[in-house]
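Read off the chains here:
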Amino acid sequence: MSSLSLLSPPNLSPFHITTTSPSSSPLLILHSRSSLYGDCSTTTTAPRAFVSWHCRATERSVFSPMQKSRDGYSRVCSFSRFRGDTGGDVEKGSEEIQAEAGDDGSGTEEEEEEEEGEQEIGHLSPTSVLPERWDVLGLGQAMVDFSGMVDVEFLERLGLEKGTRKVVNHEERGTVLQAMDGCSYKAAAGGSLSNTLVALSRLGCKPIGGPVLNIAMAGSVGSDPLGGFYRSKLRRANVNFLSDAVKDGTTGTVIVLTTPDAQRTMLAYQGTSSILSYDSSLASIISKTNILVVEGYLFEFPDTIKTITKACEEARRNGALVAVTASDMTCIEKHYDDFWEIVGNYADIVFTNSDEARAFCHFAPKESTISATRYLSHFVPLVSVTDGPEGSYIGVRGEAVYIPPSPCVPVDTCGAGDAYAAGILYGVLRGASDLKGMGTLAARVAATVVGQQGTRLRVHDAVELAKSMTFHFETSKARTDSSSDHISSL
């Protein structure tokens, strides 16, 4: 057996990686890196491989409850109130956006269930004292999603190619919103990173297997009503948006148009989301963070690369782990060198799908997912690669552990990778001791989202998954402890 102690964030006891692997099993041991990892000792081998992450609970501030409102999607009856005179500005107040839950003012059954679940959890009030440390801080794009069903003719009238993602300017956004006027659509605090953070917050919303998790996000929103809407919706999901609004800025939006064949056409208006500055406030937040998660979409903007680099350097100085989400294959191809500058020098965890993993490796499409996983894991301590209905892989030091897909009846695959990432992060924070088990439970989180309409993990499902994860993690730890003479500690 090999035992490796990892230096951990300041408010955690060290991560201890314990592996037992015969020659026929993958060697599940993280890379040694002088800036992060500690001593390595070797004992006798045993028949099974485990990874043990031991975390000490942190002290939490006591929060007062706040008045609960619906969390989830808000229905938008008319886009005329969002456009403004120029066809792009947003006039409606955030309170009005939140309150309008349907044509008749009533919420859906799903929204009512979410409201009840969030009430059971309890929320941070706007006046609550923030915690001393954050378990996870996400650094990414803050954009409001407008989503709804359209027919193919609608796309053709606007000259849009079905199934593509396009960046639009202020005027183009106004044109699309005007065409959508009178339709019933949904507004939500969207984005890949926010999906992961909300799922993680809901998994850790109760002291199951450990203390309640403190989750936050930093990004850029405008001082317009949509910026307030975004901040409020995340807050209600127990994710604190910590960045100040950009004065006179316009919050970014993504218009998601879904045709009857389930193809999504996305139009992204960046607004202030492309402006992300590194300042003393952000540095202070990162210094109090255990895991920093960087969203890959930020690499699309040259000015944000410096911010990402400084953020990762600050995280490393303070002993935090750094995770990077790949986000999009095209984004990787266009900003390949920038991605590798961060991934190669700072990343401890990377989340990708199979296409993104191949893009990172410069592999041809015919190359297998497992090959890409193994290659990436030579450069990053922990690699998570999803492969849709084929399952997923977790790569460590040149080896890959296959994770079978969790059974489900697919309803909506959007957000599956975001949910999977939340499962992996939850496993790390809760002390998962078995990589395959951690991946299996992450697959269950993803399958739960795939089996529902919408990208957000529901509160009730999250609590049930957390309970099952705790049982599995504790069982795995017991097996690990019984198979080892000693687990080192610093």
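Residues numbered from 1 in each chain as written. Predicted model: local features only at pLDDT ≥ 70, side-chain atom pairs only at ≥ 80, totals over all residues. Heavy atoms only, no water.

Enquirer: Which parts of the structure should I look at to understand the packing of helix H9 (residues 302-317) against helix H11 (residues 336-345)?
Expert: Close contact between H9 and H11 brings their axes to 11 Å; oriented N to C, the two are set at 0°. Taken as axis vectors, H9 and H11 run roughly parallel relative to one another. In contact with Ile305, Ile308, Thr309, Cys312 and Arg316 of H9, H11 contributes Asp338, Ile342 and Asn345. (Axes fitted to C-alpha atoms, helices over the stretch in contact; angles between N-to-C directions. Helix = DSSP H or I, 4+ residues; strand = E, 2+ residues; numbered from the N terminus. Parallel < 35°, antiparallel > 145°, perpendicular 65-115°, else oblique. Contact = heavy atoms within 4.5 Å.)

Enquirer: Explain helix H5 (residues 170-179) to me, please; I cannot follow it from the model alone.
Expert: Each full turn of the α-helix corresponds to 3.6 residues, which orients residues three or four apart in the same direction. Taken together, the buried positions of H5 are occupied by His170, Arg173, Gly174, Val176 and Leu177. Relative to the axis of H5, the buried residues are bounded by an arc of 165° and lie together on one face. More than 90 degrees from the buried face of H5, the exposed residues found are Glu171 and Gln178. (Buried < 20%, exposed > 50% of the residue type's maximum accessible area, 1.4 Å probe, protein only. Arc of directions from axis to C-beta.)

Enquirer: Would you take a moment to explain the packing of aromatic side chains for this structure?
Expert: Each aromatic ring pair is described using two quantities: the centre-to-centre distance and the angle formed by the ring planes. Under the definition given, this model contains eight aromatic pairs. On the basis of an interplanar angle of 80° and a centroid distance of 5.8 Å, the ring pair of Trp340 and Phe360 is categorised as edge-to-face. With a gap of 20 residues between them, Trp340 in helix H11 and Phe360 in helix H12 (residues 354-361) connect regions that are remote in the sequence. The class of Trp340 is buried, set by a relative accessible area of 18%. Clustering of aromatic rings is evident, with ring pairs tying together Phe299, Phe339, Trp340, Phe360, Phe363, Tyr375 and Phe379. (Phe/Tyr/Trp six-rings, centres within 6.5 Å; stacked < 30°, edge-to-face > 60°.)

Enquirer: Even after reading the chapter, I still don't get unusual backbone geometry, so can you show me in this structure?
Expert: Backbone phi values are negative for most residues with the exception of glycine, while trans is the configuration of most peptide bonds. Of note in the backbone geometry, Asn238 takes a positive phi value of approximately 65° without being a glycine. Relative to the helices and strands, Asn238 is located in the loop between helix H7 (225-236) and strand E10 (239-241). Taking relative accessible area as the criterion, Asn238 reaches 13% and is therefore assigned buried. At Asp248, a residue that is not glycine, the phi angle is positive and equals roughly 60°.

Enquirer: I tried to follow the environment of Asp338 on my own but got confused; where do I start?
Expert: Structurally, Asp338 is set in helix H11. In this structure Asp338 comes out as partly exposed when scored by relative accessible area, which is 30%. In this structure the C-alpha to C-alpha distance between Asp338 and Phe299, which are 39 residues apart in sequence, comes to 7.2 Å. Each residue touching Asp338, except ones within four places of it in the same chain, is listed here: Phe299 and Ile305.

Enquirer: What is the right way to look at the nonpolar core in this model?
Expert: Across soluble globular proteins, you tend to see nonpolar side chains buried next to one another. In this structure, Leu200, Met217, Tyr230 and Leu257 are the most contacted members of the largest nonpolar core, which totals 74 residues. Counting residues per element, this core draws most heavily on helix H14 (residues 416-430), which supplies nine residues. In contact with Leu257, other than residues within four places in its own chain, are Gly148, Val150, Phe154, Leu155, Leu160, Met180, Tyr185, Gln263, Arg264, Thr265 and Leu267. (Core = buried A, V, L, I, M, F, W, Y, C linked by side-chain atoms within 4.5 Å.)

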